[in-house]
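# Analysis of the macromolecular model
Residue strings, one per chain:
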Amino acid sequence: MILLGILFSIFGIGFMCWLIFNVAIYALPCFVGAWAGIAAYHSGAGFIGAAIIALAIMAATIIAGQLAILATPVPAIRAAIALLFAVPAAIAGYSATLGLAEIGIPSHAWSVAFAVIGGAMVGGTAWVRMTLVAPSFGRQALAGDSNQA
């Protein structure tokens, strides 16, 4: 029975890590959507109206971020837009890693150290996932060559 508990714990922690890396890119849209939903609720939209507004704003934030990256040919601006999505993801990754690390590590200093590493990794993954959305503009595309492969 103890072995089964250990195996389920390892599976659960692995699943949580996988989930963090896959949904980290949605930290900013989730925050913006929650903020809009709370504002709508307090302005009298009701629970259902606030939920609909929150989901619409979340979707609009994701689409606007991806379209902004796709429409911008300057790599520095694309990196800055991706950084807007990566910073909240890094904060969420830090918090989630700290929570998971405090389960099994008695030392708070080591828990924070692992959380900083985890936050950096989650933020970096979100940044890379956002920058990979946009195609790279090569010299041929800028020169107007239509014979690209």
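The structure contained in this document is the topic of the report that follows. (Residues numbered from 1 in each chain as written. Predicted model: local features only at pLDDT ≥ 70, side-chain atom pairs only at ≥ 80, totals over all residues. Heavy atoms only, no water.)

On to the overall build of the protein chain, then. Helices and strands together make up the secondary structure of the protein chain, namely six helices and zero strands. What you see in the protein chain, going N to C, is helices and strands ordered as α-α-α-α-α-α. Taken across its 149 residues, the protein chain has 23% of its residues classed as buried. Intrachain contacts of the protein chain at a sequence separation of at least 6 include 67% that bridge at least 24 residues. (Helix = DSSP H or I, 4+ residues; strand = E, 2+ residues; numbered from the N terminus. Buried < 20%, exposed > 50% of the residue type's maximum accessible area, 1.4 Å probe, protein only. Contact = heavy atoms within 4.5 Å.)

Turning our eyes to something else, we now look at empty space enclosed by the protein. Regions of empty space are outlined by a rolling probe, equal in size to a water molecule, passed over the atoms. A full pass over the atoms with the stated rule returns one cavity of 30 Å³ or more. Looking at the lining of the largest cavity, its residues break down into five nonpolar, one polar and no charged. (1 Å grid on protein atoms, 1.4 Å probe; cavity = no way out; pocket = protein on both sides within 12 Å on 5 of 7 lines; lining within 4 Å. Points joined across faces, edges and corners; volume = space filled by probe spheres on them. Nonpolar A, V, L, I, M, F, W, Y, C, P; charged D, E, K, R; others polar.)

With that settled, consider the nonpolar core. One finds Ile25, Leu28, Ile69, Ile81, Ala82, Phe85 and Met130 forming the largest nonpolar core, which totals seven residues. For this core, the leading source of residues is helix H4 (residues 75-104), giving three residues. Discounting residues that sit within four places of it in the chain, Ile81 has contacts with Gly65, Ala68, Ile69 and Thr72. Ranked by size, the runner-up nonpolar core spans six residues in total, among them Ala27, Ala89, Val122 and Ala126. (Core = buried A, V, L, I, M, F, W, Y, C linked by side-chain atoms within 4.5 Å.)

That is the geometry; function is a separate question.
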